[in-house]
Amino acid sequence: MKKNIKSEKGLTLVEVLAATVILGIVLISFMSFFAQSARFTVHNSEKLTAVEVAEDVMGEIRQGKTAIPTAKYKNFEIFIAVTDGPANTKLKKAVITVKNTSKSELKSKDFVTEMYFKPASGVSS
């Protein structure tokens, strides 16, 4: 009888359950990594888009445009404050704030940038 028990090969139910639990814990750890990576990618995409909008607005300001077409930037509110630049210069200072108004789960902080520019002829603050 003892000889028959020793010759049986295979895994017990307890061993199978333990292996399943360990495998589940490892897989959950990896899946949370991928979910966090996806959230990070969405956040960076929103931030990069805000930077691109700000650069586009800067280009329009440098060309002397004072009215920025807001319909061009659907999910963003743009605020521009133009003041005089450093003393004894003909430069102006523009502070551009780009606010993301999309209804995404991640709410990024506003993107703010500053620039000095030489106003086009006939443009005033």
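My aim in this report is to walk through the structure given alongside it, one point at a time.

**Structural notes on the overall build of the protein**
And step 1. If you tally the helices and strands in the protein, you get 2 helices and 3 strands.
And step 2. In the protein, which comprises 125 residues, the share counted as buried stands at 20%.
And step 3. Of the roughly 9800 Å² of accessible surface on the protein, 61% is carried by carbon and sulfur atoms.

**Overview of the environment of Lys65**
And step 1. Within the secondary structure, Lys65 sits in the loop between α2 (13-62) and β1 (76-84).
And step 2. Classification of Lys65 by relative accessible area gives partly exposed; the value is 42%.
And step 3. Taking C-alpha positions, Lys65 is 9.7 Å from Pro119, a pair spaced 54 residues apart along the chain.

**Quick word on the nonpolar core**
And step 1. The biggest cluster of nonpolar side chains holds 16 residues, and the ones touching the most others in it are Val53, Val57, Ile61, Tyr73, Ile78, Ile96 and Val98.
And step 2. The greatest single-element share of this core, amounting to 6 residues, is contributed by α2.
And step 3. Excluding residues that lie within four positions of it along the chain, Ile78 makes contacts with Val53, Val57, Ile68, Tyr73, Ile96 and Thr97.

**A few points about the pattern of salt bridges**
Between side chains of opposite charge, a pair can form when the charged atoms approach closely.
And step 1. Per the stated rule, a full pass over the model turns up 4 salt bridges.
And step 2. As a salt-bridge pair, Glu60 and Lys72 come within 3.2 Å of each other at their nearest N and O atoms. Taken together, the positions of Glu60 in helix α2 and Lys72 in the loop between α2 and β1 put the pair 12 residues apart, joining distant regions of the chain.
And step 3. For Glu60, a relative accessible area of 7% translates into the label buried.
And step 4. The closest approach of N and O atoms between Asp84 and Lys92, which form a salt bridge, is 2.8 Å.
And step 5. Three or more residues are tied together by salt bridges with common partners; here these are Asp56, Glu60 and Lys72.

**Looking at the sheet that holds strand β3 (residues 111-117)**
And step 1. Strand order across the open sheet formed by 3 strands is β1-β2-β3, with antiparallel pairing between neighbours. The sheet is open, and its two edges are formed by β1 and β3, each paired on a single side. Between one strand axis and the next, the sheet turns through 20° on average, direction left out of account.
And step 2. Pairing of β1 with strand β2 (residues 92-100), which is carried by 9 bridges, proceeds in the antiparallel orientation. Across the sheet, residue Phe76 finds its bridge partner in β2, namely Asn100.
And step 3. Docked against the sheet, α2 engages β1, β2 and β3, running at close to 25° with respect to β3.

Parameters at a glance
Residues numbered from 1 in each chain as written. Predicted model: local features only at pLDDT ≥ 70, side-chain atom pairs only at ≥ 80, totals over all residues. Heavy atoms only, no water. Helix = DSSP H or I, 4+ residues; strand = E, 2+ residues; numbered from the N terminus. Buried < 20%, exposed > 50% of the residue type's maximum accessible area, 1.4 Å probe, protein only. Areas by Shrake-Rupley, 256 points an atom, 1.4 Å probe, with all protein chains shown as cover. Core = buried A, V, L, I, M, F, W, Y, C linked by side-chain atoms within 4.5 Å. Contact = heavy atoms within 4.5 Å. Salt bridge = Lys/Arg side-chain N within 4 Å of Asp/Glu carboxyl O. Pairing = 2+ DSSP bridges. Axes fitted to C-alpha atoms, helices over the stretch in contact; angles between N-to-C directions.

Everything listed here is a matter of geometry and, on its own, says nothing about what the molecule does.
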